[in-house]
Amino acid sequence: LCLQVPELEKATVRIRQPERVREIIRSLREQGVAKLQVISDFDMTLSRFGCNGRRCPTSHNILDTSRVISEDGKKKLKDLLHYYYPIEIDPNRTLEEKRPLMVEWWTKAHELLVQQKIHKDDIAQIVRESEAMLRYRHRMWDGFKEFFDQLHKNNVPLFIFSAGVGDVLEEIIRQANVFYPNVNVVSNYMDFNDDGVLTHFKGPLIHTYNKNNSVLQGTGYFQQLSTRTNIILLGDSMGDLTMADGVPSMENILKIGFLNDKVEERRGKYLDSYDIVLESDETLDVVNGILRYILAE
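Residues numbered from 1 in each chain as written. Predicted model: local features only at pLDDT ≥ 70, side-chain atom pairs only at ≥ 80, totals over all residues. Heavy atoms only, no water.

- Looking at an unreviewed UniProt entry, one finds the protein named 5'-nucleotidase, with Copsychus sechellarum as its source organism.
- Here the protein is described in UniProt, under the heading Subunit (unreviewed entry), as follows: "Monomer."
- The heading Subcellular location (unreviewed entry) in the UniProt record of the protein holds the text "Cytoplasm". (UniProt positions renumbered as here; feature names shortened; annotations may be inferred.)

### Some thoughts on the nonpolar core
Stage number 1. Judged by nonpolar contacts, the single largest core of 99 residues is most densely connected at Phe147, Phe148, Ile160 and Ile290.
Stage number 2. Mapped onto the domain boundaries, this core takes at least three residues apiece from domain 1 (6-52 + 133-295) and domain 2 (54-129). (Core = buried A, V, L, I, M, F, W, Y, C linked by side-chain atoms within 4.5 Å. Buried < 20%, exposed > 50% of the residue type's maximum accessible area, 1.4 Å probe, protein only. Domains from an automatic or database assignment.)

### Thoughts on the pattern of salt bridges
Once their charged atoms are close, side chains differing in charge can pair, the charge on each being opposite to the other.
Stage number 1. Applying the stated criterion across every chain yields a total of 27 salt bridges.
Stage number 2. Of the charged contacts in the structure, one is a salt bridge between Asp275 and Arg20, with a shortest N-O distance of 2.5 Å. Here Arg20 lies in helix H1 (residues 18-31) and Asp275 lies in the loop between helix H10 (263-273) and strand E11 (276-279), a separation of 255 residues in the sequence.
Stage number 3. Residue Arg292 pairs with Glu146 through a salt bridge whose shortest N-O separation is 2.7 Å. In this pair, Arg292 is assigned in helix H11 (residues 285-295) and Glu146 in helix H6 (residues 143-153), connecting sequence segments 146 residues apart.
Stage number 4. Look at Arg292 and you get partly exposed, because its relative accessible area is 37%. (Salt bridge = Lys/Arg side-chain N within 4 Å of Asp/Glu carboxyl O. Helix = DSSP H or I, 4+ residues; strand = E, 2+ residues; numbered from the N terminus.)

### Regarding the packing of H6 against H11
The relative placement of two packed helices comes down to the angle between their axes together with the axis-to-axis distance.
Stage number 1. Here H6 crosses H11 at 25°, and the two axes come no closer than 10 Å. Relative to H11, the element H6 lies roughly parallel. When the axes of H6 and H11 are compared, the crossing they make is left-handed. Counting all contacts with H6, which are made through Gly143, Glu146, Phe147, Gln150 and Leu151, the residues of H11 involved are Val287, Asn288, Leu291, Arg292 and Leu295. (Axes fitted to C-alpha atoms, helices over the stretch in contact; angles between N-to-C directions. Parallel < 35°, antiparallel > 145°, perpendicular 65-115°, else oblique. Left-handed = near helix turned anticlockwise from the far one by under 90°. Contact = heavy atoms within 4.5 Å.)

### Concerning the sheet that holds strand E2 (residues 36-40)
Stage number 1. Spatially, E1-E11-E10-E9-E2-E5-E6 is the arrangement adopted by the seven strands of the open sheet, whose pairing is mixed. At either margin of the open sheet sits one strand with a lone partner, and together these are strand E1 (13-14) and strand E6 (183-188).
Stage number 2. Both strand E10 (residues 252-259) and E11 contribute to a ladder of four bridges, which runs parallel. From the neighbouring strand, Ile256 faces E11, where its bridge partner is Ile276.
Stage number 3. Packing against the sheet, helix H7 (residues 166-175) makes contact with strand E5 (158-165) and E6, and its axis sits at approximately 130° to E5.
Stage number 4. Where H10 meets the sheet, its contacts fall on E1, E10 and E11, and the angle it forms with E10 comes to roughly 175°. (Pairing = 2+ DSSP bridges.)

### Points about the pairing of E11
Stage number 1. Where burial is concerned, the two faces of E11 agree: the one with Ile276 and Leu278 and the one with Val277 and Glu279 are both buried.
Stage number 2. A crossover connection joins E10 to the parallel E11 through H10; in handedness this β-α-β unit is right-handed. (Right-handed = clockwise from strand over helix to strand, strands pointing away.)

### Notes on the packing of H1 against H11
Stage number 1. Where H1 contacts H11, the axes come no closer than 8 Å and their chain directions differ by 45°. On the basis of the axis angle, H1 is oblique to H11. Packed against H1, whose contacting residues are Ile25, Leu28 and Arg29, the element H11 presents Ile290, Tyr293 and Ile294 at the interface.
Stage number 2. In terms of residue class, the contact of H1 with H11 is made up of five nonpolar, no polar and one charged. (Nonpolar A, V, L, I, M, F, W, Y, C, P; charged D, E, K, R; others polar.)

### Quick notes on the domain arrangement of the protein
Stage number 1. Segmentation of the protein into domains returns domain 1 (6-52 + 133-295) and domain 2 (54-129).
Stage number 2. Put simply, the middle of domain 1 and the middle of domain 2, counted by C-alpha atoms, are 21 Å apart.
Stage number 3. Listed as interface residues are 37 residues of domain 1 and, on the opposing side, 31 residues of domain 2.
Stage number 4. For the pair domain 1 and domain 2, the summed buried area comes to about 3100 Å², and 67% of that belongs to carbon and sulfur atoms.
Stage number 5. Connecting domain 1 to domain 2 are zero salt bridges. (Buried area = accessible area lost by both parts, 1.4 Å probe.)

Written as structure tokens, this is what we have:
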């Protein structure tokens, strides 16, 4: 398979069951583009985890650290991050333990944001001034572009399922000029009053560990795509593994996981759960290589 997808030779790639991965990729190619859809997380999956030794912001962080947040608000939001993030990625805690704590974190963070009276018209500028970065390769901004372009050109639906802030992540994609009609986003969206001021977040609340049918009910998204029974799933957390749960009569699924942080201690869990694990890889090279092979005429 490395002959067809040379990117799988990269030093960042780890695969526990190469035979199985080979089979899935072969099936995805043989069954053709009409059956394929891509389901992806956004923050730290399509966007970068770090750059030049510094953390890149998530869609929440972009807001949290922007000029529209008071110093007091910034401090409180940072305190929440320092308290809850270690819980989110703790490999020794169960999902049952984590879920209520994530609800607590998101709820508190959203309440703090609402207190800041954020204006709808400020969002584009906030994103422009931020250090948001989509994954690219080398020094060229083409990794994410190739990813979005390939899917768009081949009419492959891309479903972005994010626990981030939908208004912010949509703006990131829009400013990167890749918000195509095949892209669908489910995320936490802000609700603004007639004056364009943030009053609350629309429900249901999406956090890291409830990305499944429970928050998709009523959207009917996967039902509309009932012929798209082959999935490529991209995520960076254990919570992302359930994103495809609502797909009816799924045939093949290839799960690709970005292991960005605490690599040594989390490696085992990721290798058990994802078909392909990308360790500290800030590019979309492997994903694009696989797509190129599957979508080739």
